[in-house]
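So you can see what is in the structure, the chains are spelled out below.
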Amino acid sequence: QVQLVESGGGLVQAGGSLRLSCAASGRTERINYMGWFRQAPGKEREFVARIMTSGRRADYGDIVKGRFTISRDNAKNTVYLQMTGLASGDTAMYYCPAHLSAAVQYWGTGPQVPVSS
């Protein structure tokens with residue numbers, strides 16, 4: 001089993017910055033990569049970013065590329081999402097998945113990131 005604890009969500013103003021954290025525990029040696037998805041009410045889930053456990057490879061969704069940065073601290077088994085230039089369109093629940101394989105995934109609880117105008 002892999003457990004994921006997310007933190008860092010909260011209200012921010014438009015144009016502001018916020019950093020989300022996702023700490024993994026359990027069978028962390030089995031994790032291939034971790035990342036972030038988001039979903040707003042009434043909208044489809046969107047891919048935000050992912051990073052390999054080694055931290056040497058990262059991928060971003062086109063909707064956030066250039067504004068968000070994903071990173072990892074292996075000593076803490078934690079993945080971060082640094083968000084800058086936030087706008088109302090970024091308001092969503094952000095979920096942290098950990099992939100052991102294409103078929104085995106674990107998810108965090110999804111902290112809310114509301115962006116005020």
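Look above for the structure.
Residues numbered from 1 in each chain as written. Predicted model: local features only at pLDDT ≥ 70, side-chain atom pairs only at ≥ 80, totals over all residues. Heavy atoms only, no water.

A.B. asks: Please give an account of the packing of aromatic side chains that cites residues and values.
C.D. replies: By the definition in use, this model includes two aromatic pairs. Judged by centre distance (5.5 Å) and plane angle (65°), the rings of Phe37 and Phe47 are edge-to-face. Residue Phe37 is located in strand E4 (residues 33-39), and its partner Phe47 is located in strand E5 (residues 46-52); the two are separated by ten residues in the primary sequence. Look at Phe47 and you get partly exposed, because its relative accessible area is 29%. With 5.5 Å between their ring centres and 55° between their planes, Phe37 and Trp107 make a pair best called tilted. You can see Phe37 sitting in strand E4 and its partner Trp107 sitting in strand E11 (residues 105-107), a full 70 residues away along the chain. (Phe/Tyr/Trp six-rings, centres within 6.5 Å; stacked < 30°, edge-to-face > 60°. Helix = DSSP H or I, 4+ residues; strand = E, 2+ residues; numbered from the N terminus. Buried < 20%, exposed > 50% of the residue type's maximum accessible area, 1.4 Å probe, protein only.)

A.B. asks: So what's going on with the state of the cysteines? Residues and values would help.
C.D. replies: Under the definition given, this model contains one disulfide. A sulfur-sulfur distance of 2.1 Å marks the disulfide that ties Cys22 to Cys96. Across the S-S bond linking Cys22 and Cys96, the dihedral sits near -90°, which makes this disulfide left-handed. Taken together, the positions of Cys22 in strand E3 (residues 18-26) and Cys96 in the loop between strand E9 (92-95) and strand E10 (97-99) put the pair 74 residues apart, joining distant regions of the chain. The residues Cys22 and Cys96 share a single accessibility class, namely buried. (Disulfide = S-S within 2.5 Å.)

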